[in-house]
Amino acid sequence: MQERILELALAAAGGGEESRTLLKPLCAAAEQAWISRLREDVTAEDCGEALPCAAAFTAAADLAAGSGGVASFSAGDISVKLESGGARNRGEDLRQAAERLMGPFAQAAGLWAQGVAG
């Protein structure tokens, strides 16, 4: 499944082979994060393609978050082009898509208190 997640993440990130080195550990971490959020009655196999897609989207979002908003950089005659939040917006869109995909299988993210007397 790890190779499938990596290939999907490369496609989602729109990166070439240079992204593979960083995406590989991000994909492994995203896969484990999603597996740890599975409901008690759900296995990774129960998720079908939702788990690899969600892990890939999460890894691609993490890669976008690390881009720092810089679209390009040149050293000769110094030229820097900044993105106007595009990478961060795309990253958030990918995270939301991952949450939607895993909604039927995973526990909600964040802290939930149930039955707490007020």
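Counting from 1, residues in each chain are numbered in the order their sequence is written. Note on the predicted model: pLDDT of at least 70 is required for a residue's local features to be given, and 80 or more for side-chain atom pairs to be given and counted; whole-chain, interface and lining totals, by contrast, use all residues. Remark: hydrogens and water are excluded; side-chain values derive from all non-hydrogen atoms of the structure.

### A few points about the pattern of salt bridges
Opposite charge on two side chains lets them pair, provided their charged atoms get close.
Argument step 1. In what follows, salt bridge is the name for a side-chain nitrogen of Lys or Arg lying within 4 Å of a carboxyl oxygen of Asp or Glu. Considering all chains together, one arrives at six salt bridges under this definition.
Argument step 2. Between aspartate 62 and arginine 95 there is a salt bridge, with the nearest N and O atoms lying 2.7 Å from each other. You can see aspartate 62 sitting in helix H3 (residues 50–65) and its partner arginine 95 sitting in helix H4 (residues 86–102), a full 33 residues away along the chain.
Argument step 3. Judged by relative accessible area, which is 29%, aspartate 62 ranks as partly exposed.
Argument step 4. Among the charged side chains, a salt-bridge network with shared partners connects Glu3, Glu7 and Arg20. Secondary structure is summarised from DSSP: a helix means a run of H or I of at least four residues, a strand means a run of E of at least two, and numbering begins at the N terminus for each. Three exposure classes are used, based on accessible area relative to the maximum for each residue type with a 1.4 Å probe and protein chains only: buried under 20%, partly exposed in between, and exposed over 50%.

### Description of the confidence of the model for the protein chain
Argument step 1. A residue's pLDDT is the confidence the predictor assigns to it, expressed on a 0 to 100 scale. In the predicted model, the protein chain carries a mean pLDDT of 82, and the fraction of residues at 70 or more is 74%.
Argument step 2. Here strand S1 (residues 70–74) stands out as the element of the protein chain with the lowest mean pLDDT, 50, in contrast to H3, whose mean of 94 is the highest.

### Digging into helix H2 (residues 17–36)
Argument step 1. Expected span of a helix: the number of residues minus one, times 1.5 Å. The end-to-end C-alpha distance of H2 is 29 Å, a good match for the 28 Å that 20 residues give at a rise of 1.5 Å each.
Argument step 2. Bend at a given residue is defined as the angle between two axes, one fitted to the seven residues that end at that position and one fitted to the seven that begin there. At leucine 23, H2 shows its maximal kink, close to 45 degrees; a proline, proline 25, follows between one and four residues later.
Argument step 3. Considered for burial, the residues of H2 that qualify are Ser19, Leu23, Leu26, Cys27, Ala30, Glu31 and Trp34.

### Structural notes on the nonpolar core
Grouped burial of nonpolar side chains is what soluble globular proteins tend to show.
Argument step 1. By size, the foremost hydrophobic cluster in this structure holds 26 residues, and its most contacted members are Leu23, Trp34, Leu38, Cys47, Ala59, Met102 and Phe105.
Argument step 2. Looking at this core, the elements with two or more residues in it are helix H1 (2–13), H2, H3 and H4.
Argument step 3. A per-element tally of this core places H3 first, with eight residues.
Argument step 4. For this analysis, residues touch if any pair of their heavy atoms sits within 4.5 Å. Apart from the residues lying within four places of it in its own chain, the contact partners of methionine 102 are Trp34, Leu38, Cys47, Ala50, Leu51 and Ala54. Take the buried Ala, Val, Leu, Ile, Met, Phe, Trp, Tyr and Cys residues and link them wherever side-chain atoms come within 4.5 Å; each set so joined is a nonpolar core.

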